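Structural description and commentary
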Amino acid sequence: MRKFNFGIFFILLILLLVVAFYTSDMALSRDEGKLGKNIFLNFLADVFNVLRFPLHVIFPMLAQKAWFFCVGLVINCLMYCLVIERLFYLTIKLIFFRNDPDQE
């Protein structure tokens, strides 16, 4: 991977971990029936299903214990950060270095 930007990666990781924490809290609140009809909070509860997607769907045994569930959620956030950082790099490369043959 050329020119991997660790700063963007770690900022995205911290943001996604915070979002994952709050969305898991909202999903738990909705499951208990305490969330109400707030559209934004229900949207956050639905975002949790997206954040837990790759590992918890493929390996459902990760949801058996809380420790494994948290580790799986962190790994999911790491994978999402890697994909977002690479998309960011490709977008910048396509926008700014479109006609520069020396930028490879």
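An account of the accompanying structure is given in this report. (Residues numbered from 1 in each chain as written. Predicted model: local features only at pLDDT ≥ 70, side-chain atom pairs only at ≥ 80, totals over all residues. Heavy atoms only, no water.)

**Observations concerning the packing of aromatic side chains**
Applying the stated criterion to the full structure yields 6 aromatic pairs. Consider the rings of Phe-4 and Phe-9, whose centres lie 5.5 Å apart with planes at 55 degrees: the pair is tilted. Given the relative accessible area of 11%, Phe-9 is considered buried. Ring plane angle 25 degrees and centroid distance 6.3 Å describe the contact between Phe-6 and Phe-10, whose orientation is recorded as stacked. In this pair, Phe-6 and Phe-10 both sit in helix α1 (residues 6-32), 4 residues apart, roughly one turn of the helix. Here the aromatic cluster, defined as three or more aromatic residues joined through ring pairs, consists of Phe-4, Phe-6, Phe-9 and Phe-10. (Phe/Tyr/Trp six-rings, centres within 6.5 Å; stacked < 30°, edge-to-face > 60°. Buried < 20%, exposed > 50% of the residue type's maximum accessible area, 1.4 Å probe, protein only. Helix = DSSP H or I, 4+ residues; strand = E, 2+ residues; numbered from the N terminus.)

**Examining the side chain of Glu-85**
Residue placement: Glu-85 occurs in helix α4 (residues 66-96). Among the residues examined, Glu-85 registers a relative accessible area of 1% and is labelled buried. Side-chain polar atoms of Glu-85 contact the backbone nitrogen of Asn-5, separated by 3.1 Å. (Polar contact = N/O pair within 3.5 Å; in protein donor to acceptor, adjacent residues only side chain to side chain.)

**As for the pattern of salt bridges**
Inspection of the entire model under this criterion finds 3 salt bridges. Put simply, Asp-46 and Arg-30 hold a salt bridge, and the shortest N to O gap is 2.7 Å. Here Asp-46, found in helix α2 (residues 39-51), pairs with Arg-30, found in helix α1; they are 16 residues apart in sequence, far enough to count as distant. Overall, the relative accessible area of 38% leaves Asp-46 in the partly exposed class. When its relative accessible area of 31% is taken as the criterion, Arg-30 is described as partly exposed. (Salt bridge = Lys/Arg side-chain N within 4 Å of Asp/Glu carboxyl O.)

**Description of the nonpolar core**
With 17 residues, the main nonpolar core has Leu-16, Ala-20, Met-26, Ala-45, Leu-51, Cys-77 and Cys-81 as its most contacted residues. Secondary structure elements with two or more residues in this core: α1, α2 and α4. Residue contributions to this core peak at 7 residues, all from α1. The residues contacting Ala-45, other than those within four sequence positions of it, are Thr-23, Met-26, Ala-27, Arg-30 and Leu-35. (Core = buried A, V, L, I, M, F, W, Y, C linked by side-chain atoms within 4.5 Å. Contact = heavy atoms within 4.5 Å.)

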